[in-house]
Amino acid sequence: AQKLGIKTAVHEQNAFPGVTTKMLAAGADCVMLAMPEAEKHLKLTKKPVITGNPIRGELLKITKAEARQKLGLDNRPLILSFGGSLGARRVNEAVTELIKWHNGTDKFYHIHGTGKAGYETMKEALSGITLSETVDVREYITDMDVCMAAADLVICRAGAITLGELQACGKPSVLIPSPYVAENHQFHNAMTLKRAGAADIIEEKDITGEKLIDTVSMLIENPTKLSRMSEAAKKSAILNANERIYEIIMKLYTGA
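Residues numbered from 1 in each chain as written. Predicted model: local features only at pLDDT ≥ 70, side-chain atom pairs only at ≥ 80, totals over all residues. Heavy atoms only, no water.

*Asks:* Tell me what's going on with the side chain of Q167, and back it up with residues and numbers.
*Replies:* Among the structural elements, Q167 can be located in helix α6 (residues 160-169). Accessibility expressed as a relative area gives 16% for Q167, which makes it buried. A distance of 3.0 Å separates the side chain of Q167 from the side chain of S236, its partner in a polar contact. Not counting residues up to four positions away in its chain, the partners in contact with Q167 are L193, A233, K234, S236 and A237. (Helix = DSSP H or I, 4+ residues; strand = E, 2+ residues; numbered from the N terminus. Buried < 20%, exposed > 50% of the residue type's maximum accessible area, 1.4 Å probe, protein only. Polar contact = N/O pair within 3.5 Å; in protein donor to acceptor, adjacent residues only side chain to side chain. Contact = heavy atoms within 4.5 Å.)

*Asks:* A description of a nonpolar patch on the surface should follow, citing residues and the corresponding values.
*Replies:* Together, V19, M23 and L24 make up an exposed nonpolar region whose accessible area comes to about 310 Å². One can find V19 in helix α1 (residues 19-25). A relative accessible area of 52% places V19 in the exposed class. (Patch = residues over 30% accessible without salt bridge, like charges linked within 9 Å, V, L, I, M, F, W, Y side chains within 5 Å. Areas by Shrake-Rupley, 256 points an atom, 1.4 Å probe, with all protein chains shown as cover. Salt bridge = Lys/Arg side-chain N within 4 Å of Asp/Glu carboxyl O.)

*Asks:* Provide a residue-level description of the pairing of strand β1 (residues 9-12), including the pertinent values.
*Replies:* The side-chain alternation of β1 yields one buried face, formed by V10 and E12, and one unburied face, formed by A9 and H11. Taken together, the 4 bridges between β1 and strand β2 (residues 30-33) define a ladder with parallel strand orientation. Of the residues in β2, the one forming a bridge with E12 is L33. Running through α1, the crossover from β1 to the neighbouring parallel element β2 is right-handed. (Pairing = 2+ DSSP bridges. Right-handed = clockwise from strand over helix to strand, strands pointing away.)

*Asks:* Could you give an account of the sheet that holds β1, naming the residues involved and the relevant values?
*Replies:* Strand order in the open sheet made by the 3 strands is β1-β2-β3, with parallel pairing throughout. The strands lining the two open edges of the sheet, one partner per strand, are β1 and β3 (49-50).

*Asks:* Kindly report on the pattern of salt bridges, identifying the contributing residues and their values.
*Replies:* Counted under the stated rule, the structure contains 12 salt bridges. Residue E165 is joined to R56 by a salt bridge in which the shortest nitrogen-to-oxygen separation is 3.0 Å. Here R56 lies in the loop between β3 and α2 (64-71) and E165 lies in helix α6, a separation of 109 residues in the sequence. Assessed through its relative accessible area of 7%, E165 is described here as buried. Residues joined in a network through salt bridges with shared partners are K64, R68 and D152.

*Asks:* Please give an account of the pairing of strand β7 (residues 153-156) that cites residues and values.
*Replies:* Here β7 shows two buried faces, one formed by L153 and I155 and the other by V154 and C156. Relative to β7, strand β4 (residues 78-82) runs parallel, the two being bridged by 3 bridges. Paired with I79 across the two strands is L153, which belongs to β7. By the bridge criterion, 3 bridges tie β7 to strand β8 (residues 173-175) in an arrangement that is parallel.

Laid out in structure tokens, this is it:
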């Protein structure tokens, strides 16, 4: 399209741009970035536009109080953890130890999505204990909007869209970036939230049950810190990414 003189726009969703974005950005009529940090990795002839990443609208339609009522929760904190639809073995292993640590104390609720590949393995790893009613281990979280809204702390990977959802919902997080992605971009994504004061990071090479327990214990028992992290997440959120991207595309189309 660029060689033919057709107007082009590029949108990069990660903090560290991929190869395609690097190849096309210099010749694009507009470069849109979800995260400002991506600019320093690109050779641009004009200033990029920060748009954020589009997120699912339903995430913004339910309040925390409504979500907790829907899940039947009282005022105890809720930990939400997941590793993606297929699952993440190291995340599941660490979360298994976390569940063993707090199971039976009933100090807080915990919903964990194992992913398709990890469900049977995790069930087997937990088979020696009787899970408390406050612990909910699922293969897949089908009501993520409700669970995310209700959560007080989220443990997850650092995909760009997931981070956008954490920001939009104002959720403190413990991020475990996947090292199995191009250019290790999830680590760069996670650092944007850490620098904002909205997240802690545990790299997969460092993840252990003990490390996760220490991190979660420190956060979940410190409501003031969680509140500060929540505010930092909200402050860094861009809630109208769809509109920003649409307006840019239409301006290019109409020549306005």
